[in-house]
Amino acid sequence: MVLLEGLSRRYQVGENEVYALRDIDLEIDQGEFAVVLGPSGSGKTTLLNMVSALDSPTSGRATVAGQEITGMDRGDLFRFRREVVSFIFQTFNLFPTLTALENVQCGGEIAGPAREARRRAADVLGRVGLGDRLHHYPSELSGGEQQRVAIARALVTENPIIVADEPTGDLDFRTGVQILELLEAQAVAGRTVVVVTHNREISRVADRVIELSSGRIASDGPPAGGRAPISDLH
């Protein structure tokens, strides 16, 4: 589902070249729940941006869902982001003047007529436990409820890949566990889930942990001691 070959991303900072990623070779399978782990500045978000075509590599190739995204023109990149990758941001990125239903519907409208998008939005909000909060605005929702709206917005597209940047970072423990359960269910259903985090506790429940250090893959494999059920988190 995701294939990165010799991928590097460098930036010019004054007279110096700084590598955010260096010579990354990585393959993530369909239906895999992968956690990209590392401290701030290790290259996690840059890697996520490469997978989701929000940024382009300086060198190397990226093939996602059978499409080589390296060198795509703007139109093809737009279609790729619309049809292949769904995003979950730590900061929710909800429209404050739209209800939960309308926020999710905005995501659904990209892929279909407004009436169908509205029906699908209501259905997905019900699946994430917000069936009774459809007409509430973000300011009327808790942080956990807002994050579930953001997840519903990602799910409504039915895209094959979900990428999430610190999806539990600002949430209380109980809500964070609920979010991880929702993401795990998507992987079980066959979608590829890639979560970026600095939290080692989250990595325990993944199929696979990809640890970055200074823009390189430091380790890649199952969690130490094997995958733990989400109920074991503490």
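For clarity, every value in this text was computed on a predicted model and none was experimentally measured. (Residues numbered from 1 in each chain as written. Predicted model: local features only at pLDDT ≥ 70, side-chain atom pairs only at ≥ 80, totals over all residues. Heavy atoms only, no water.)

### Some words on the overall build of the protein
- Along the protein, the regular secondary structure elements total 7 helices and 10 strands.
- For 234 residues, the compact-globule formula gives about 17 Å, and the C-alpha radius of gyration of the protein, at 18 Å, lands near that figure.
- Each of the 234 residues in the protein was classed as buried or not, and the buried ones make up 50%.
- A fraction of 70% describes how many contacts in the protein between residues 6 or more apart in sequence connect residues 24 or more apart.
- Element-wise, carbon and sulfur atoms account for 47% of the exposed surface of the protein, whose accessible area totals about 11100 Å².
- Averaging the positions of the 24 positive and the 32 negative side-chain charges in the protein gives two centres separated by 3 Å. (Helix = DSSP H or I, 4+ residues; strand = E, 2+ residues; numbered from the N terminus. Rg over C-alpha atoms; globule rule 2.2 N^0.38 Å. Buried < 20%, exposed > 50% of the residue type's maximum accessible area, 1.4 Å probe, protein only. Contact = heavy atoms within 4.5 Å. Areas by Shrake-Rupley, 256 points an atom, 1.4 Å probe, with all protein chains shown as cover. Lys, Arg positive; Asp, Glu negative; His and termini not counted. Charge placed at Lys NZ, Arg CZ, Asp CG, Glu CD.)

### Thoughts on helix α4 (residues 114–127)
- Taking 1.5 Å of rise per residue, the 14 residues of α4 would be expected to cover 20 Å, and the 20 Å separating its terminal C-alpha atoms lies within 8% of that figure.
- Looking at α4, one finds that the buried residues are Ala-117, Arg-120, Ala-121, Val-124 and Leu-125. End-on view of α4: buried residues confined to an arc of 135 degrees, all on one side of the axis.
- One or two residues past the end of α4 sits Gly-129, with phi positive at roughly 85 degrees. (Expected span 1.5 Å × (residues − 1). Arc of directions from axis to C-beta.)

### Here's the deal with the sheet that holds strand β4 (residues 59–64)
- An order of β2-β1-β4-β5 is seen for the 4 strands of this open sheet, with the pairing classed as antiparallel. Of all strands in the sheet, those bounded by a partner on one side alone are β2 (16–28) and β5 (67–68).
- Contacts from helix α1 (residues 44–51) reach β1 (2–13), β2 and β4 within the one sheet, and its direction differs from that of β1 by about 125 degrees. (Pairing = 2+ DSSP bridges. Axes fitted to C-alpha atoms, helices over the stretch in contact; angles between N-to-C directions.)

### Details of unusual backbone geometry
- The residue Phe-92 is not glycine, and still its phi comes out positive at about 70 degrees.
- We classify Phe-92 as buried; its relative accessible area is 13%.

### Description of the confidence of the model for the protein
- Mean pLDDT over the protein: 89, with 97% of residues reaching 70 or higher.
- Here helix α3 (residues 100–109) stands out as the least confident element of the protein, with mean pLDDT 84; strand β9 (residues 208–213) is the most confident, with 95. (pLDDT = per-residue confidence, 0-100.)

### What about the layout of surface pockets?
- Here the second largest pocket is characterised by a volume of approximately 190 Å³.
- Taken together, 16 residues line the second largest pocket, and the ones lying closest to its centre are Thr-168, Phe-173, Gly-176, Asn-199 and Ile-202.
- Among the elements that make up the lining of the second largest pocket, the one with the highest residue count is helix α6 (residues 173–188) (4 residues).
- Of the residues in the lining of the second largest pocket, the class split is 6 nonpolar, 7 polar and 3 charged. (1 Å grid on protein atoms, 1.4 Å probe; cavity = no way out; pocket = protein on both sides within 12 Å on 5 of 7 lines; lining within 4 Å. Points joined across faces, edges and corners; volume = space filled by probe spheres on them. Nonpolar A, V, L, I, M, F, W, Y, C, P; charged D, E, K, R; others polar.)

### Comments concerning the packing of α4 against helix α5 (residues 143–155)
- Closest axis-to-axis distance for the α4/α5 pair is 9 Å, and the angle between their directions is 130 degrees. The orientation of α4 relative to α5 falls into the category oblique. Once α4 is placed against α5, the crossing between them reads as right-handed. Two secondary-structure elements touch here, α4 through Val-124, Leu-125 and Arg-127 and α5 through Val-149, Ala-152 and Leu-155.
- When the residues that make up the contact of α4 with α5 are grouped by side-chain class, the tally is 5 nonpolar, no polar and 1 charged. (Parallel < 35°, antiparallel > 145°, perpendicular 65-115°, else oblique. Left-handed = near helix turned anticlockwise from the far one by under 90°.)

### Thoughts on the packing of aromatic side chains
- Tallied over the entire structure, the rule returns 1 aromatic pair.
- Between the aromatic rings of Phe-87 and Phe-89, the centroid separation amounts to 5.9 Å while the plane-to-plane angle is 10 degrees, which identifies the pairing as stacked.
- The aromatic ring of Tyr-19 is capped on one face by Arg-22, whose charged end is 3.7 Å from the ring centroid. (Phe/Tyr/Trp six-rings, centres within 6.5 Å; stacked < 30°, edge-to-face > 60°. Lys NZ or Arg CZ within 6 Å of the ring centre and 35° of its normal.)

### Points about the side chain of Thr-197
- Residue placement: Thr-197 occurs in strand β8 (residues 192–197).
- In this structure Thr-197 touches Val-35, Val-36, Leu-37, Gly-38, Lys-44, Glu-166 and Ile-202, once residues within four positions along its chain are discounted.

### Points about the environment of Arg-148
- Secondary-structure assignment places Arg-148 in helix α5.
- Arg-148 sits in the buried class, given a relative accessible area of 16%.
- Sequence-wise, Arg-148 and Pro-167 are 19 residues apart; in three dimensions their C-alpha atoms are separated by 9.9 Å.
- Excluding residues that lie within four positions of it along the chain, Arg-148 makes contacts with Val-128, Gly-129, Leu-130, Gln-178, Ile-179 and Leu-182.
- From its side chain, Arg-148 meets the backbone oxygen of Val-128 in a polar contact 3.3 Å long. (Polar contact = N/O pair within 3.5 Å; in protein donor to acceptor, adjacent residues only side chain to side chain.)

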